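# Coordinates in review
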Amino acid sequence: MTDKNAMAVNATTRRKMLTSGLKLSALVGAAYSGMSRANSQAPDPLITEIQDWNRYMGDGVDANPYGSPSQFEAEVVRRDVPWLTADAKSSVNFTPLHALDGIITPNGLCFERHHGGVAQIAPDEHRLMINGLVDTPLVFTMEDIARFPRENHMYFLECAANSGMEWRGAQLNGCQFTHGMVHNVLYTGVPLKYLLQEAGIKTRGKWLLPEGADPAHMTRSIPMEKALDDCLVAFKMNGEALRPEQGYPLRLVVPGWEGNMWVKWLRRLEVGDEPWHHREETSKYTDLLADGRARRFSWEMDVKSVITNPSPQAPILHGQGRTVITGLAWSGHGTVRRVDVSVDGGRNWTTARLDAPSFSKSVHRFYHEFDWDGRELFLQSRAIDDRGNVQPTKNALRHARGENSIYHNNGIQTWQVRPDGSAENVEIS
Ligand code: MTE
């Protein structure tokens, strides 16, 4: 690897060469002497020859009014696992975590999970009702909601079933599939408490039932403390309107809690005095234990991390030498305080570099730069949150909860990296 100064010198030299229009081929050997490509004997035509894109006019401003990623990024898309669900309308696809960097999930790449397909609702026909144990039942239009004070917050949404297929052993080959039921978005919305206060909650009103306007009529019971704490009624994601698949025009944001509770296409909030025990919080989204009993209401998403590169869909292509290991860490309890990385299956750990910004209940990006000697690696990451919670091994999870579970798998992931740079999902026993 070239050091920082050499990089700076070369970048300046390249700029000068391009602007002066000098004969590049004569200069290239000297200018690039510090960089690996320039060390090769033959001049690189990609730098010595003027290319088409450098010669001919490009598209005009009218070619793509909304904008889309480069044609060379066509592989970076949400993907599903065909055998996982019977029908695309009650299904899930996954965020391509291995192809992203930083902490923001672009809107078109946020994984989708819906039980009744994507509802298409015109905003002027959408209504939100608050009823039940309130002083004044209310119905809001989207315009009404936009008149309340709004806030912006960055939060992760993780489906409780994320990594669920991995409970009994390594199965899906790629972090998109093992960990891609998570996205991290800047939401703009109105704190839910403002709307509830407008309706006036009766003293007996201790629970809230949000309901979706989709054919699934998604409902979940949420304790009033949480509803009045940090929940949002959101209408924008990453600055623009929610995408239809994320609940356009209105969704509930329940920071740090399992994604199933983040009701999309939000149409109703009922205030009650006890939980409703509907389908999504009884037969689904509860954790079956080894003795046949189930954990009731496991709302918070525990501390978790995954190395996104290298990983099965993102092998090491450059051979030995300086290699950047990177990944994501998050906790439904707050911020991530530390991430450790192991290259030998958990025998030795090194503290990774956490890259700012760090927001509570948002994903964090970590990096660990190291010199790979071409040896086989067993890559793992282990996150610790600001409450001191430590991400467990998969074996520790199974010991505590048995093998029947699906939901809330925050166990440590292992990627085996072979000497040729390819990677595979494995488990260390
Ligand atoms: N809300 C409604 N109305 N209908 C749904 O099917 N799916 C839930 C939740 N909210 C769902 C819903 C589930 S299981 C999850 S994990 C999240 O939405 C997924 O949110 P996303 O599609 O924005 O990723």
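Values in this document were obtained by computation on a predicted structure and should not be read as measured data. (Residues numbered from 1 in each chain as written. Predicted model: local features only at pLDDT ≥ 70, side-chain atom pairs only at ≥ 80, totals over all residues. Heavy atoms only, no water.)

## What about a nonpolar patch on the surface?
Together, Trp83, Met165 and Ile406 make up an exposed nonpolar region whose accessible area comes to about 290 Å². Tracing the sequence through the fold places Trp83 in the loop between helix H4 (52-55) and strand S1 (91-92). (Patch = residues over 30% accessible without salt bridge, like charges linked within 9 Å, V, L, I, M, F, W, Y side chains within 5 Å. Areas by Shrake-Rupley, 256 points an atom, 1.4 Å probe, with all protein chains shown as cover. Salt bridge = Lys/Arg side-chain N within 4 Å of Asp/Glu carboxyl O. Helix = DSSP H or I, 4+ residues; strand = E, 2+ residues; numbered from the N terminus.)

## Some thoughts on the site of the ligand
As a structural note, the neighbourhood of the ligand is formed by 21 residues, with Phe111, His115, Asp214, Arg251 and Lys264 the closest of them. In the environment of the ligand, an oxygen atom lies 2.5 Å from a nitrogen or oxygen atom belonging to the side chain of Lys264. Considering the ligand on its own, with 530 Å² of exposed area, one finds that the protein chains cover 100% of that surface. If you map the ligand onto the pockets, it falls in the largest cavity. (Near = heavy atom within 4 Å. Polar contact = N/O pair within 3.5 Å; in protein donor to acceptor, adjacent residues only side chain to side chain. 1 Å grid on protein atoms, 1.4 Å probe; cavity = no way out; pocket = protein on both sides within 12 Å on 5 of 7 lines; lining within 4 Å. Sits in = over half its atoms within 2 Å of the grid points.)

## Comments concerning the sheet that holds strand S19 (residues 353-355)
With antiparallel pairing, the 4 strands of this open sheet are ordered in space as S15-S16-S20-S19. With partners counted over all chains shown, the strands left at the sheet margins are strand S15 (304-309) and S19, one partner each. Put simply, the sheet's adjacent strands are angled 30° from each other on average, direction ignored. Bridge analysis of S19 against strand S20 (residues 364-372) gives 3 bridges, and the strand direction is antiparallel. Residue pairing across strands places Arg353 opposite Tyr367, the latter belonging to S20. (Pairing = 2+ DSSP bridges. Axes fitted to C-alpha atoms, helices over the stretch in contact; angles between N-to-C directions.)

## A few points about the nonpolar core
Among the nonpolar cores identified, the biggest contains 55 residues, and Leu192 and Leu208 are the most heavily contacted of them. The contact partners of Leu208, leaving out residues within four places of it in the chain, are Leu192, Leu196, Arg220, Ser221, Ile222, Met224, Ala227, Leu269, Glu270, Val271 and Trp276. Phe156, Val303, Val306 and Ala352 belong to the second largest nonpolar core, which has 29 residues in total. (Core = buried A, V, L, I, M, F, W, Y, C linked by side-chain atoms within 4.5 Å. Buried < 20%, exposed > 50% of the residue type's maximum accessible area, 1.4 Å probe, protein only. Contact = heavy atoms within 4.5 Å.)

## Examining the environment of Arg296
Among the structural elements, Arg296 can be located in the loop between strand S14 (294-295) and S15. If we skip the residues at most four places from it in the chain, Arg296 touches Pro275 and His277. A polar contact of 3.0 Å, which involves the side chain of Arg296, links it to the side chain of His277.

## Observations concerning the domain arrangement of the chain
Interfaces are often sized by the accessible area lost when the parts come together. Taken domain by domain, the chain holds domain 1 (88-295) and domain 2 (304-426). Each of domain 1 and domain 2 has a C-alpha centre, and these two points are 27 Å apart. At the interface, 44 residues of domain 1 touch 41 residues of domain 2. Summed over both sides, the interface of domain 1 with domain 2 buries roughly 3700 Å², with 54% coming from carbon and sulfur. Summed over the shared surface of domain 1 and domain 2, the number is 3 salt bridges. Where domain 1 packs against domain 2, one counts 26 residue pairs in polar contact (both at pLDDT 80 or more). When contributions to the side of domain 1 that touches domain 2 are tallied by element, the ones reaching two or more residues are strand S5 (151-158), helix H6 (175-179), strand S6 (182-191) and strand S13 (287-288). With 5 residues, H6 is the single largest residue contributor to the side of domain 1 that touches domain 2. Per-class residue counts for the side of domain 1 that touches domain 2 are 19 nonpolar, 15 polar and 10 charged. (Domains from an automatic or database assignment. Buried area = accessible area lost by both parts, 1.4 Å probe. Nonpolar A, V, L, I, M, F, W, Y, C, P; charged D, E, K, R; others polar.)

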